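# A closer look at the structure
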Amino acid sequence: ENASFTAVPKAMVEEEVDRQVDHYLNEMKRQGITPELFFQLTNSNEEQLRKQFAEDAETRVKTNLMLEAIIEAENIQANDEDVENEIKNLAETYKMEEEAVRKVVTTDMLKHDIELKKAMELITSSAVEK
């Protein structure tokens, strides 16, 4: 609530919608459901799914921008130990070998995700209920 933003570029919002749709459909594929089958089962289409994710896309973009600003302001960094722990967690979560995880995700990607988590932890640990 304390963060102030200028208008969020439409391209960033569209990119967030793309990311959410891709993630959702990939999760369905992981469960053995093709996009075509999903749309058939839900009597929907990709446009409807995009609209569903578009409802909160601007808020998600603003949240990510705020977290990025906190990472920079607080000089939050992920170290090699953080990355190794995240690889182990991902391997356990997705029942994969650690080497397979390393082939799928980059260190930079993992560091970014870890830094976002650390920023969220900083916010939640210092939050004061009013």
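Starting afresh in each chain, residues are numbered from 1 along the sequence in its written order. Under the rules for a predicted model, residues below a pLDDT of 70 receive no local features and side-chain atom pairs below 80 are neither given nor counted, while totals for whole chains, interfaces and linings still include all residues. Side-chain metrics rest on all non-hydrogen atoms present in the structure, leaving aside hydrogens and water.

Time to look at the nonpolar core. Counting twelve residues, the largest nonpolar core consists of Val8, Val13, Val17, Val21, Leu25, Met28, Phe38, Phe39, Leu49, Phe53, Ala57 and Val61. Ranked by the residues each element gives to this core, the list is headed by helix α1 (residues 10–30), at five residues. Whether two residues are in contact is decided by their heavy atoms, any of which lying within 4.5 Å being enough. Setting aside anything within four residues of it in sequence, one finds Val8 in contact with Val13, Glu58, Val61 and Lys62. Each nonpolar core is a collection of buried residues, namely Ala, Val, Leu, Ile, Met, Phe, Trp, Tyr and Cys, held together in the definition by side-chain atoms within 4.5 Å. When a residue's accessible area, from a 1.4 Å probe over protein chains only, is under 20% of the maximum for its type it is buried; when over 50% it is exposed; and in between it is partly exposed. Formed by nine residues, the second largest nonpolar core is a distinct cluster that contains Leu90, Ala91, Leu110 and Ile114. The numbering of helices and of strands both runs from the N terminus, where a helix is a DSSP run of H or I of at least 4 residues and a strand a run of E of at least 2.

Take Ile71: it is sitting in helix α3 (residues 46–73). Judged by its relative accessible area of 9%, Ile71 falls in the buried class. Spatially, the C-alpha atoms of Ile71 and Met28 are 32 Å apart, while their sequence positions differ by 43 residues.

Another point: the side chain of Glu86. Relative to the assigned elements, Glu86 resides in helix α4 (residues 80–93). Setting aside residues no more than four positions away along its own chain, Glu86 makes contact with Leu110, Ile114 and Lys117.

Our focus in this paragraph is the pattern of salt bridges. By salt bridge we mean one thing: a side-chain nitrogen of Lys or Arg within 4 Å of a carboxyl oxygen of Asp or Glu. Throughout the structure, instances matching the rule amount to 13 salt bridges. Taking the shortest distance from any N to any O, the salt bridge between Arg30 and Glu27 comes out at 3.4 Å. Of this pair, Arg30 and Glu27 both sit in helix α1, three residues apart, which is roughly one turn of that helix. For Glu84, the salt bridge goes to Arg102, with nearest N and O atoms at 2.4 Å. Here Glu84 is found in helix α4, whereas its partner Arg102 is found in helix α5 (residues 98–104), with 18 residues between them in sequence. Connected through shared salt-bridge partners, Glu15, Glu16, Arg19 and Arg60 make up one network.

This paragraph deals with the packing of aromatic side chains. Aromatic rings from Phe, Tyr and Trp, with only the six-membered ring used for Trp, were paired whenever their centres fell within 6.5 Å, and each pair was classed as stacked if the ring planes differed by under 30 degrees, edge-to-face if by over 60, and tilted otherwise. One pass over the full model with this rule turns up three aromatic pairs. With a centroid separation of 5.4 Å and an interplanar angle of 70°, the aromatic rings of Tyr24 and Phe38 are classed as edge-to-face. One end of the pair, Tyr24, is in helix α1; the other, Phe38, is in helix α2 (residues 35–42), and 14 residues separate them in sequence. Residue class for Tyr24 comes out partly exposed when judged on its relative accessible area of 28%. A network of ring pairs unites the aromatic residues Tyr24, Phe38, Phe39 and Phe53 as a single cluster.

Right, let's get into the confidence of the model for the protein chain. Across the protein chain, the average pLDDT comes to 93, with 98% of residues at or above 70. Across the chain, each position has a pLDDT score giving the predictor's confidence in that residue, from 0 to 100. Mean pLDDT per element in the protein chain: α5 is the minimum at 93, and α4 is the maximum at 95.

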